[in-house]
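Reading the structure
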2 protein chains.
Amino acid sequence: MTSAAAAQAGTAALPVYRASLEPAWIDYNGHLRDAYYGLVLSYAIDDVMDHLGLDAAYRERTRCTLYTVELHTHYLHEVKATDALRLTSSILDADGKRIHLGCRFEVDARDGDPLKVDGGPLTVATGEVMLLHVHQGDKPATAPFPGTVAARIDALKLSAEDSAAWGPRSRRLELKRRPAQ
Amino acid sequence: MTSAAAAQAGTAALPVYRASLEPAWIDYNGHLRDAYYGLVLSYAIDDVMDHLGLDAAYRERTRCTLYTVELHTHYLHEVKATDALRLTSSILDADGKRIHLGCRFEVDARDGDPLKVDGGPLTVATGEVMLLHVHQGDKPATAPFPGTVAARIDALKLSAEDSAAWGPRSRRLELKRRPAQ
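Basis of the calculations
Residues numbered from 1 in each chain as written. Chains lettered and ligands numbered in written order. Predicted model: local features only at pLDDT ≥ 70, side-chain atom pairs only at ≥ 80, totals over all residues. Heavy atoms only, no water. Helix = DSSP H or I, 4+ residues; strand = E, 2+ residues; numbered from the N terminus. Buried < 20%, exposed > 50% of the residue type's maximum accessible area, 1.4 Å probe, protein only. Contact = heavy atoms within 4.5 Å. Areas by Shrake-Rupley, 256 points an atom, 1.4 Å probe, with all protein chains shown as cover. Lys, Arg positive; Asp, Glu negative; His and termini not counted. Charge placed at Lys NZ, Arg CZ, Asp CG, Glu CD. Phe/Tyr/Trp six-rings, centres within 6.5 Å; stacked < 30°, edge-to-face > 60°. Lys NZ or Arg CZ within 6 Å of the ring centre and 35° of its normal. Least-squares fit on C-alpha atoms with pLDDT ≥ 70 in both. Expected span 1.5 Å × (residues − 1). Pairing = 2+ DSSP bridges. Core = buried A, V, L, I, M, F, W, Y, C linked by side-chain atoms within 4.5 Å. 1 Å grid on protein atoms, 1.4 Å probe; cavity = no way out; pocket = protein on both sides within 12 Å on 5 of 7 lines; lining within 4 Å. Points joined across faces, edges and corners; volume = space filled by probe spheres on them. Nonpolar A, V, L, I, M, F, W, Y, C, P; charged D, E, K, R; others polar. Buried area = accessible area lost by both parts, 1.4 Å probe. Salt bridge = Lys/Arg side-chain N within 4 Å of Asp/Glu carboxyl O. Polar contact = N/O pair within 3.5 Å; in protein donor to acceptor, adjacent residues only side chain to side chain.

**Points about the overall build of chain A**
When helices and strands are counted, chain A shows five helices and seven strands. Expressed as lengths along the three principal axes of its C-alpha atoms, the size of chain A is roughly 50 × 45 × 35 Å. Looking at chain A as a whole, 50% of its 181 residues are labelled buried. Sequence-distant contacts in chain A: of pairs separated by 6 or more residues, those separated by 24 or more amount to 70%. If you sum the accessible surface of chain A, you get close to 8900 Å²; carbon and sulfur atoms cover 51% of it. Positive and negative charge centroids in chain A, built from 21 and 24 side chains respectively, lie 6 Å apart.

**Here's the deal with the environment of Val134(B)**
Residues and elements named next belong to chain B. Its place among the elements puts Val134 in strand β6 (residues 122-136). C-alpha separation for the pair Val134 and Cys64, spaced 70 residues apart in sequence, amounts to 5.5 Å. Not counting residues up to four positions away in its chain, the partners in contact with Val134 are Arg63, Cys64, Thr65, Tyr67, Pro140, Ala141, Thr142 and Ala143.

**Observations concerning the packing of aromatic side chains**
For the coordinates displayed, the defined rule picks out eight aromatic pairs over all chains. Summarising the aromatic geometry, the rings of Tyr37(B) and Phe105(B) are spaced 5.9 Å apart at their centres and angled 45° between planes, so their arrangement reads as tilted. Pair noted here: Tyr37(B) is in helix α2 (residues 34-52) and Phe105(B) is in strand β4 (residues 98-110), with a separation of 68 residues, a long-range link. Residues Tyr37(B) and Phe105(B) agree in their burial class; the two are buried. One aromatic cluster is present, built from ring pairs that chain together Tyr37(A), Tyr75(A) and Phe105(A). Geometry around Trp166(A) places Arg104(A) over its ring, the cationic atom sitting 5.4 Å from the centre.

**Remarks on the relation of the copies chain A and chain B**
Copy one and copy two of the chain differ by a rotation about an axis and a translation along that axis. Aligned on chain B, chain A shows an RMSD of 0.0 Å; the corresponding rotation is 180° and the shift along the axis is 0.0 Å. Here the symmetry operator amounts to a two-fold rotation axis.

**Quick notes on helix α2 (residues 34-52) of chain A**
Residues and elements named next belong to chain A. Across its 19 residues, α2 extends 28 Å between first and last C-alpha, which sits within 8% of the 27 Å expected from 1.5 Å per residue. In terms of burial, α2 is a largely internal element, 15 of the 19 residues being buried. In the stretch just after α2, Gly53 is the one whose phi turns positive, near 95°.

**A few points about the pairing of strand β2 (residues 64-75) of chain B**
The buried fraction of β2(B) amounts to 11 of the 12 residues, a majority that puts the element mostly inside the structure. Strand direction decides the pairing type here: strand β2 (residues 64-75) of chain A and β2(B), joined by five bridges, are antiparallel. When the sheet's bridge partners are listed, Thr73(A) is paired in β2(B) with Leu71(B).

**Things to note about the nonpolar core**
By size, the foremost hydrophobic cluster in this structure holds 86 residues, and its most contacted members are Leu85(A), Leu87(A), Phe105(A), Leu85(B), Leu87(B) and Phe105(B). Excluding residues within four positions of it along the chain, Leu87(B) makes contact with Pro15(B), Val16(B), Tyr17(B), Ala19(B), Val40(B), Leu41(B), Ala44(B), Cys103(B), Arg104(B) and Phe105(B).

**Observations concerning empty space enclosed by the protein**
Under the defined criterion, the tally for this structure stands at two cavities of 30 Å³ or more. Estimates place the volume of the largest cavity at around 110 Å³. Surrounding the largest cavity, 16 residues form its lining, Asp34(A), Ala35(A), Tyr75(A), Gly38(B) and Leu71(B) being those nearest its centre. Those elements that provide at least two residues to the lining of the largest cavity are α2 and β2 of chain A together with α2 and β2 of chain B. It is α2(B) that provides the largest number of residues to the lining of the largest cavity, a total of six residues. Split into classes, the residues belonging to the lining of the largest cavity amount to nine nonpolar, five polar and two charged. Each pocket or cavity is described by its volume, and for the second largest cavity that value is around 50 Å³. As for the second largest cavity, its lining consists of Gly38(A), Leu41(A), Ser42(A), Ile45(A), Leu71(A), Val129(A), Asp34(B), Ala35(B) and Tyr75(B). Secondary structure elements with two or more residues in the lining of the second largest cavity: α2 of chain A together with α2 of chain B. At four residues, α2(A) tops the list of elements feeding residues into the lining of the second largest cavity. When grouped by side-chain class, the residues that make up the lining of the second largest cavity number six nonpolar, two polar and one charged.

**Considering the interface of chain A and chain B**
Interfaces are often described in size by the accessible area the parts lose on coming together. Facing the 47 residues of chain A at the interface are 46 residues of chain B. Interface area, chain A with chain B, both sides summed: about 4100 Å², of which 45% is carbon and sulfur. When residues of chain A are sorted by the area they lose upon contact with chain B, Glu70(A), Leu173(A) and Leu175(A) head the list and together hold 18% of the total. Connecting chain A to chain B are six salt bridges. Those elements that provide at least two residues to the side of chain A that touches chain B are α2, β2, β3 (84-94), β4 (98-110) and β6 (122-136) of chain A. Of all the elements, β2(A) adds the most residues to the side of chain A that touches chain B, at 11 residues.

**Thoughts on the environment of Asp46(B)**
Note on placement: Asp46(B) falls in helix α2. In this structure, the C-alpha to C-alpha distance between Asp46(B) and Leu66(B), residues 20 residues apart in sequence, is 9.6 Å. Excluding its chain neighbours within four sequence positions, the residues that come into contact with Asp46(B) are Tyr28(A) and Arg33(A). Of the polar contacts made by the side chain of Asp46(B), one reaches the side chain of Tyr28(A); its length is 2.6 Å.

Structural data, given as structure tokens:
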């Protein structure tokens with residue numbers, strides 16, 4: 001949808017999450033430990049949930065929440081302790097109870113100086129998650145999104161074209177070998 | 001290779017990592033936050049590195065280390081605060097400078113009681129990482145494993161058959177839809 005249409009539907013773009021890197025997150029390689037990309041992504045998802053109306057009050061009232069069922073991360077560049085890291089989320093796809101969320105990890109300043117690559121920030125990682133709407137009863141069970149939330153998700157969902165252009169995308173991990181000469 | 005052959009090659013199986021769950025890792029859904037599966041996996045990889053001879057002394061001496069370039073996680077079951085969580089790693093594949101590692105997250109006790117499913121522990125998640133051997137000079141560059149490390153990796157690598165049976169495996173994330181009736 002266009003941003004004008006999104007504005008009409010009462011939905012601004014998904015929030016950009018700005019991560020504060022803690023010194024303990026830097027590992028023996030001198031950069032952000034792989035697992036902490038996942039933690040800032042997890043916090044970014046919390047912000048997305050708030051934005052969609054799946055916030056703490058909703059969760060308490062309905063006993064419904066989102067479960068992460070699958071995650072794929074591409075680590076493209078090292079993140080240094082002084083980097084200004086921000087995460088930009090996009091709804092790549094969705095149905096009545098699932099959200100396929102893509103998240104771009106970008107660095108636009110290092111050591112206090114702007115960092116530009118081809119006029120834009122450096123993409124240091126991409127992450128994709130499959131999120132499932134679950135009612136937490138005695139036994140957790142999937143549940144459809146309420147109408148207001150479904151409408152917000154639909155209004156924010158990327159067009160098929162934009163979703164297809166998003167990447168690098170998740171895939172089967174394997175060592176590809178060149179055929180022997 | 002058989003375990004007898006592995007013993008002959010001077011390589012025991014990869015170490016099993018037993019995770020201690022910190023209370024701060026439990027989220028508003030009442031179970032282990034998605035990102036902390038990644039943190040215990042990251043610690044398990046450190047143990048695997050030590051076992052293969054890629055330990056702190058090696059890293060300091062050679063300025064070589066492993067970079068995580070890609071990660072895929074399947075979250076299969078919730079992990080509770082009291083769960084005894086252990087991670088069992090397998091080398092699914094490898095070449096001269098890359099290791100494709102698979103990790104099974106298992107719970108075999110909950111609230112202090114043994115937890116058995118079909119006579120074995122409950123698999124709560126699987127994770128796969130692609131690890132790349134890198135020399136950290138002025139500019140990081142890939143580097144081949146030294147011979148002793150390559151031999152250990154080769155001795156521990158699963159057979160093609162065992163590797164193919166390992167799962168659930170990484171894949172492209174997407175919402176599959178049934179064709180309209």
